[in-house]
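If you want the building blocks of each chain, they are given just below.
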Amino acid sequence: MEKRDLLYDGTAKRIYTTDDEHVLLVSYKDIATDFFGLKMSTIPGKGAICNRVSNHLMTVLENAGIATHFLSESSETDCLVRRVKIIPLAVIVRNISAGAFAKRYGVEEGIVFDEPTIEFYLKNDMLGDPLINTYHAVALKIESRERIEEMKALAFRINEILKAYFQSVRIHLVDFRMEFGLTEDGTLVLADEISPDTCRLWDIDTHFRLDKDRFRLDMEQMDAGYHEILRRLLGNA
Ligand code: TYD
């Protein structure tokens, strides 16, 4: 598959068209930023790790019957995905309190919930991705109520599969962010990435943080988590 035009140049990845109009190429970068873009630096090898981990998790999900946009890994840092219409809602599922949730509600991190929670954020850079509820999303005609219910159910199924999978390598899936897209025939599929950049992952035994929080919180061994996740999920493959 030939890479053609640059479609989108984000902080962590670039998206290109290819010679197949239904296929896009995603190229991961080594750049790390906090979610506000205030802090930025290069973590060598991060792009390859996020690419490989995300492709691996998408494959795990596909094997469990979840439709995703993932097609194939085309190099260490690149993959091919189905071109879909991205729904402009970021979906966050949480199993344990942390980050913005702990801050917003004034609770400590690490509270294990009886049931997972879900939040939607409107993807809009100018507005800073505000929190949005499903009534607002329907009022704004972003998607129908039925489609949003379908997204919720799919997000919770994905959470159950990934939670159990991470558990098997002694990792807590604390919370994670998803984006969904629609194929030409209107099928809802998981899109974007699932990686240490978009998940909070804590070692079950030591509580060591294995995700992007090391970078955001200026912790020691900033890149240790990325390498450890790759090792646990893919061995030395
Ligand atoms: P959240 O706790 O809502 O925000 P923050 O990490 O800023 O405290 O984040 C929940 C999960 O979503 C976490 O695993 C990181 C991920 N996430 C992203 O991947 N991109 C984003 O822009 C945000 C805000 C969160």
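Residues numbered from 1 in each chain as written. Predicted model: local features only at pLDDT ≥ 70, side-chain atom pairs only at ≥ 80, totals over all residues. Heavy atoms only, no water.

A.B. asks: For the site of the ligand, give the residues involved together with the corresponding values.
C.D. replies: Close to the ligand lie 13 residues, the nearest being R94, A100, D175, R200 and R216. Burial of the ligand by the surrounding chains reaches 83%, relative to a free accessible area of 500 Å². Within the residue set of the shell around the ligand, elements represented by two or more residues are β9 (89–96), α2 (99–105), β12 (171–182) and β14 (199–203). Of all the elements, β12 adds the most residues to the shell around the ligand, at 3 residues. Residue classes in the shell around the ligand are distributed as 5 nonpolar, 2 polar and 6 charged. (Near = heavy atom within 4 Å. Areas by Shrake-Rupley, 256 points an atom, 1.4 Å probe, with all protein chains shown as cover. Helix = DSSP H or I, 4+ residues; strand = E, 2+ residues; numbered from the N terminus. Nonpolar A, V, L, I, M, F, W, Y, C, P; charged D, E, K, R; others polar.)

A.B. asks: So what's going on with the packing of helix α1 (residues 46–63) against helix α6 (residues 224–234)? Which residues, and what values?
C.D. replies: Interhelical geometry of α1 versus α6 gives an angle of 35° and a closest axis separation of 10 Å. The crossing of α1 and α6 is left-handed. Packed against α1, whose contacting residues are K46, I49, C50, R52, V53, H56 and L57, the element α6 presents Y226, H227, I229, L230, L233 and L234 at the interface. (Axes fitted to C-alpha atoms, helices over the stretch in contact; angles between N-to-C directions. Left-handed = near helix turned anticlockwise from the far one by under 90°. Contact = heavy atoms within 4.5 Å.)

A.B. asks: If you had to explain α6 to someone new, which residues and values would you point to?
C.D. replies: Every buried residue of α6 is listed here: A224, G225, Y226, E228, I229, L230 and L233. Check the buried side of α6 and you find it contacts α1, α4 (145–167), β12, β14 and α5 (213–216). Positive phi appears at G235, one or two residues downstream of α6, with a value of about 60°. (Buried < 20%, exposed > 50% of the residue type's maximum accessible area, 1.4 Å probe, protein only.)

A.B. asks: An account of the packing of aromatic side chains is requested, with residue identities and associated values reported.
C.D. replies: All chains considered together, the criterion is met by 3 aromatic pairs. Ring geometry for Y165 and F166: centres 6.4 Å apart, planes at 65°, overall edge-to-face. Looking at F166, the relative accessible area reads 1%, which means it is buried. An aromatic cluster of three or more residues is present, and its members are F101, Y105 and F113. The ring of Y16 carries K3 above its face, with NZ or CZ at 4.5 Å from the centroid. (Phe/Tyr/Trp six-rings, centres within 6.5 Å; stacked < 30°, edge-to-face > 60°. Lys NZ or Arg CZ within 6 Å of the ring centre and 35° of its normal.)

A.B. asks: Any chance you could break down the pairing of strand β13 (residues 188–191) for me, citing the residues and the numbers?
C.D. replies: Burial along β13 is two-sided: L188 and L190 facing one way and V189 and A191 facing the other are all buried. Pairing geometry for β12 and β13, over 4 bridges, is antiparallel. Among the inter-strand pairings, L182 is bridged to a residue of β13, identified as L188. Connecting the antiparallel pair β12 and β13 is a turn made up of 5 residues, with G186 showing a positive phi of about 85°. (Pairing = 2+ DSSP bridges.)

A.B. asks: Lay out the sheet that holds strand β1 (residues 3–9) with the relevant residues and their values.
C.D. replies: Paired through backbone hydrogen bonds, the strands of a sheet run either parallel or antiparallel to each other. What the 5 strands build is an open sheet, ordered β1-β2-β3-β7-β6; its pairing is antiparallel. The sheet terminates laterally at β1 and β6 (70–73), the two strands that pair on one side only. Taking each pair of neighbouring strands and ignoring which way they run, the sheet shows an average axis angle of 30°. For strand β2 (residues 13–18) and strand β3 (residues 23–28), the ladder comprises 5 bridges, and the chain directions are antiparallel. Within β3, the position partnered with I15 by the bridge is V26. Sitting on the sheet, α1 touches β3, β6 and β7 (78–82), and the angle it makes with β6 is about 130°.

A.B. asks: Any details on the pattern of salt bridges? Residues and values, ideally.
C.D. replies: All told, the structure shown has 25 salt bridges when counted by the stated rule. Here D192 and K13 are joined by a salt bridge, their closest N and O atoms 3.0 Å apart. Of this pair, D192 sits in the loop between β13 and β14 while K13 is found in strand β2, placing the two residues 179 residues apart along the sequence. Considered together, D192 and K13 belong to a single accessibility category, that of buried residues. A single salt-bridge network, built from bridges that share partners, covers R94, R104, E109, E119, D175, R200, R209, D213 and R216. (Salt bridge = Lys/Arg side-chain N within 4 Å of Asp/Glu carboxyl O.)

A.B. asks: An account of the packing of α1 against α4 is requested, with residue identities and associated values reported.
C.D. replies: Their axes nearest at 10 Å, the elements α1 and α4 cross at an angle of 115°. By crossing handedness, the relation of α1 to α4 is classed as right-handed. Contacts from H56, L57, V60 and L61 of α1 reach α4 at I158, I161, L162, Y165 and F166. By residue class, the composition of the contact of α1 with α4 is 8 nonpolar, 1 polar and no charged.

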